[in-house]
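Observations on the three-dimensional arrangement
Listed below are the residues making up each chain.
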Amino acid sequence: MAKHLIQIAILGSQVIGRAFTRALRQELQYAKTAQQSGKTTANTVQADRVAGMTLQEAKQILNISDADFDDAEKIKKNYEHLFNLNDKTKGGSFYLQSKIYRAKERLDQEVRVSATENSKNSNRYKQKEDPSDSPPS
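Throughout what follows, the structure given in this document is the object of discussion. Given the structure is predicted, the values throughout are model-derived calculations rather than measurements.

Basis of the calculations
The numbers attached to residues start from 1 for each chain and follow its sequence in the written order. Reporting in this predicted model follows two pLDDT cut-offs: at least 70 for local features of residues, and 80 or more for side-chain atom pairs to be given and counted; totals over whole chains, interfaces and linings ignore these cut-offs and use all residues. Each side-chain value is derived from all of the structure's non-hydrogen atoms; neither hydrogens nor water enter the calculation. Stacked, edge-to-face and tilted are the three classes for Phe, Tyr and Trp ring pairs, Trp counted by its six-membered ring, which pair at centre distances within 6.5 Å; planes under 30 degrees apart are stacked, over 60 edge-to-face, the rest tilted. Comment: elements are numbered from the N terminus, with helices defined as DSSP H or I runs of at least four residues and strands as E runs of at least two. Relative accessible area decides the class of each residue, using a 1.4 Å probe on protein chains only: under 20% of the type maximum gives buried, over 50% gives exposed, and in between gives partly exposed. Here, a charge over a ring means that NZ of Lys or CZ of Arg falls within 6 Å of the ring centre while also lying within 35 degrees of the ring normal. Residue contacts follow a heavy-atom distance rule, with two residues in contact if any of their heavy atoms lie within 4.5 Å. Only buried Ala, Val, Leu, Ile, Met, Phe, Trp, Tyr and Cys residues count toward a nonpolar core, and they belong to the same one when joined by side-chain atoms within 4.5 Å.

On to the packing of aromatic side chains. Summed over all chains, the structure comprises 1 aromatic pair. Between Tyr79 and Phe83 the ring centres are 5.4 Å apart and the planes differ by 35 degrees, which places this aromatic pair in the tilted class. Here Phe83 and Tyr79 lie together in helix H4 (residues 72-85), a separation of 4 residues that amounts to about one turn. By relative accessible area, which is 26% here, Phe83 ends up partly exposed. Just above the ring of Tyr79 sits the side chain of Lys104; from NZ or CZ to the centre is 5.7 Å.

Residue placement: Lys104 occurs in helix H5 (residues 94-129). In contact with Lys104, other than residues within four places in its own chain, are Leu62, Ile75, Lys76 and Tyr79.

A separate point is the nonpolar core. Ranked by size, the top nonpolar core spans 11 residues in total: Met53, Leu55, Ala58, Leu62, Ile64, Phe69, Ile75, Tyr79, Ile100, Ala103 and Leu107. Mapped by element, the contributors of at least two residues to this core are helix H3 (55-61), H4 and H5. Ranked by the residues each element gives to this core, the list is headed by H5, at 3 residues.

Scope: geometric values only; no functional claims are made or implied.
Here it is, written out as structure tokens:
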């Protein structure tokens, strides 16, 4: 009897191990494909890993469309509404509240990155257009 239990435990651990390695390989392949396709940059992939959710997930959670992405007021309004709606003291879910918080955090991070890139690009354009602003040598 004990021998059969040990065999079942070994077989079960082998099945779980194979499934885990298959899932890991698949995730690495998806990440590699996404980065190579040009739809995402290395910074976006890194931000997704750090935040634990993609930009698309964050938009879905906060009900933000691509057109409303630059509207900070709508993002804040949706965030506050959903965050307060899921307050644990009001019978809400702490899990959902934390997902809402992480979604807002992810959108804020993306807005900061795009603002930084836009300012760098505008500075480059300004330097190319008006070289007289540079200090004399």
